[in-house]
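Structure at a glance
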Amino acid sequence: MSPTSPVLNWIVDHRPTVSPVGDQGPRQTCLAWAATAAHEQHVRDALSVEYLHWASDPPAGARGTLPGLVSGLGNKGQPPAAQWTYDEDLDETAATYMPPSSITGPFRRSLIRIVDESPDGLIKELSEDRLPIAGIRVTQALLTAPGGMVDGSDAGTDGHAVAVVGVAETVVPLASIPTGARLICVRNSWGPTWGTKGYALVTETAWAACVVFAVVLEPATASAR
Amino acid sequence: MSVFRRNLAKASMEASRLHKRMDTPLDRPVDVFLLAQRLGLWLTAQPLDTYGFYLRQGDVAGIVVNSRHPESLQRYTCAHEIGHHVLGHESHADDAATLGLYSRLGQQELQAQVFAASLLMPLPLARHVLHQVRTERGSLGPAEVYLFSRNIGVSYAAAAWQLAEYNLLPRGQARQLVKQGAAAAKDELRGTTWVEDARADVWVLDERWNGIAIICRVGDEVHLRLPEDLSTGRVWTFDSPAPGDDREVVPAKQVLRWDGAADIQAQPTNPPSPGGRAVDIGLDLVRESHIRAAGQVSARPADATPPEELALFDLNELSHVDGEGDWPVIPAAGRRAMVLVPRSVGTFRVALSLRPAWNPSEPAAGKFTFRLSAKERKWLSGAGYAKPQKDLRVERLAAA
């Protein structure tokens, strides 16, 4: 195969319009990062990951869960990123874990809708300018993402959230991947050193094995404090 | 007090007196073989059909223990025979009938048993060890009694009965624990069955034990359980030493590399190093896995029907969130479980770091270190005199 011959045909690719890949560090903030990417797609503005994560509790202990996200996005909303920037070393168990008093909004609110997590379902949402937030189990292939590719049939363990930003299909066979196979492009929150500049292509087999759910955001009215 | 009870009390008292006389340190397992030698007893091991025996002939006395028995049983037998010596008994051969059941024993045997228990588990040492092994459970269960027996150097049954004797464990519970056996207690402690040797002692270290130094035996199982949340991409890896790894790794023949645009190249991977095994440092990693947190989204096969767990994400339910109920948490700390087995005598300073799985050169988000000193099992495995006594005997023969 010639090195200059493209082997992928992008069905849909939102990477050019999403904000730079972030790094959650050792904190359990993946859902806030993925949801923020999806939310920014609607508002076309950088939003505060830290505020959304903080706002996802109450319900008590709900940070990192869909109920927490529903509550955070539906009730408190999400202000611009600059009003409370993310700190990967922040201790969110401290009593002082509160937004700065200088936050003024506007607070962008959204509702959440469960969607079909299959490649077809993801393509449909992406084509309508919505970035699906996917809940997945973590596989060894995802952890290392060598060459920016995630393959295999491992179901994985624990849980993680990523934003789906595109879907491509192969135009030639690649190792065990046949022609016409779709590859799900995910935007992770593990910094730009993971995968290929923070993104990875997940094969259909790997996706079907590890995906748990997908949701999208439907914007609601913004409000100022 | 009856004569019978008075004699048992005397046996226990004699054990305490012996410790005082010998200035025995009571913050570590009693070195019973050393005590025998300091008492001037010949100590030998032989393959026997019995536990062991005590011989007295004039001024010369000695102890023979079964070389095929495990360390804890040899120690107990030795303590029992020391009891016969200290209490002024005549020569005795001891088998399961004399050492196993109190009710069938003659008074001297019972005295020797009480002496042995008091010698190996004096109350100050028992309290010291109990303080070490108390868990969050508070009460004593199978795991705590096992840890007590391991740290004090006696069998599980002997530990349970002595704790009952000190009224630290209800007698009925001690009976139940002895019936279930040490294997069940070790299984509870490590959460799984034995790895290589059912008789190996088990050490379980979690993040609370950062910086600890442990002294174990060659062949013991050291289980590490460190919090690891895969949603952060950080996993625990060894900094030093890199333990030997017996697990078979089948490397991929080629790796696909995506350029970030529309191209993917298949590239060969580097061939595995010869032997595929780290340098033998005397410490092996024999098992490694990630244990997911309770309440996590469960695995399902790729060809399964849509899972019931999706109902937990139903928006009708979510719209009525009130803080109640159990939801699958997307990020939550599972644990990295590793089992290390020391293969040779030595001291290992083990250091692990929590680092990005895709790039271990990035800064660590957490560190865990401990010092592991592996010693030989202190048991009399070969036939003949205990080693220091061989030298002593040669010296005496030369002098004669």
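None of these values were measured; they are calculated from a predicted model. Here the residue numbers are simple positions, counted from 1 along each chain's written sequence. Written order determines the labels here, with chains lettered from A and ligands numbered from 1. With the structure being a predicted model, the display of local features is reserved for residues of pLDDT at least 70 and the display and counting of side-chain atom pairs for 80 or more, all residues being used for whole-chain, interface and lining totals. Excluding hydrogens and water, the side-chain figures rest on all heavy atoms present in the structure.

For the rest of this paragraph, the subject is the overall build of chain A. Helical segments are the DSSP runs of H or I of at least four residues, strand segments are the runs of E of at least two, and each set is numbered from the N terminus. In terms of regular secondary structure, chain A is built from six helices and eight strands. Overall, chain A shows an N-to-C arrangement of helices and strands of β-α-α-α-β-α-β-α-β-β-β-β-α-β. We compute the radius of gyration over the C-alpha atoms and compare it with the globule rule, which gives 2.2 Å times the number of residues raised to the power 0.38. For 225 residues, the compact-globule estimate of 2.2 N^0.38 gives 17 Å, and the C-alpha radius of gyration of chain A, at 18 Å, lies within 12% of that figure. For chain A, the spread of C-alpha atoms along the three principal axes comes to 60 × 30 × 30 Å.

All right, on to the sheet that holds strand β15 (residues 366-375) of chain B then. All names here are of chain B. DSSP bridges decide pairing: two strands pair if at least two such bridges lie between them. Ordered in space as β6-β15-β14-β8, the four strands form an open sheet in which the pairing is mixed. This sheet does not close on itself; its edge strands, each paired only once, are β6 (213-217) and β8 (234-240). Averaged over neighbouring strand pairs, the angle between their axes works out to 30 degrees when direction is ignored. Relative to strand β14 (residues 346-356), β8 is paired through six bridges, and the arrangement is antiparallel. For Thr237, the partnering residue across the bridge sits in β14 and is Ser353. Fitted lines through C-alpha atoms give the axes, limited to the stretch in contact for helices. The angle between two N-to-C directions lies from 0 to 180 degrees.

Let's shift gears to the nonpolar core. Ranked by internal contacts, the top residues of the largest apolar core, which has 72 residues, are Val186, Leu201 and Trp207 of chain A together with Trp258 and Ile264 of chain B. For this core, the leading source of residues is helix α1 (residues 30-43) of chain A, giving eight residues. In this description, a nonpolar core means a group of buried Ala, Val, Leu, Ile, Met, Phe, Trp, Tyr and Cys residues linked to one another through side-chain atoms lying within 4.5 Å. Categorising residues by exposure relies on relative accessible area from a 1.4 Å probe, with only protein chains included: less than 20% of the type maximum marks a residue as buried, more than 50% marks it as exposed, and the intermediate range marks it as partly exposed.

All names here are of chain B. Of the strand pairs in this sheet, β6 and β15 are connected by five bridges, and their pairing is parallel. Residue pairing for β15: Ile215 is matched across the bridge by Ser373. Direction of pairing for β14 relative to β15: antiparallel, over a ladder of nine bridges. Within β15, the position partnered with Arg349 by the bridge is Arg371.

Let us look at the packing of helix α8 (residues 156-165) of chain B against helix α9 (residues 171-180) of chain B. All names here are of chain B. At a minimum axis separation of 9 Å, α8 and α9 run at an interaxial angle of 175 degrees. Comparing their axes, α9 and α8 come out roughly antiparallel. Residue-level contacts link Tyr156, Ala157, Ala160, Trp161, Ala164 and Glu165 of α8 to Arg171, Ala174, Arg175, Leu177 and Val178 of α9. Under this scheme an angle from 65 to 115 degrees is roughly perpendicular, one under 35 degrees roughly parallel, and one over 145 degrees roughly antiparallel; angles in between are oblique. Every residue pair with non-hydrogen atoms within 4.5 Å of one another is taken to be in contact.

All names here are of chain A. With respect to the helices, strands and loops of the structure, Ser48 is situated in the loop between α1 and α2 (49-55). The class of Ser48 is buried, set by a relative accessible area of 1%. For this analysis, a polar contact is any N or O atom pair within 3.5 Å, provided that within protein one partner can donate a hydrogen and the other can accept it, and provided that sequence-adjacent residues contribute only side-chain to side-chain pairs. A polar contact of 2.9 Å, which involves the side chain of Ser48, links it to the backbone nitrogen of Tyr51. Residues within four places of Ser48 in sequence aside, it is in contact with Gln78, Pro79, Pro80, Ala81 and Trp84.

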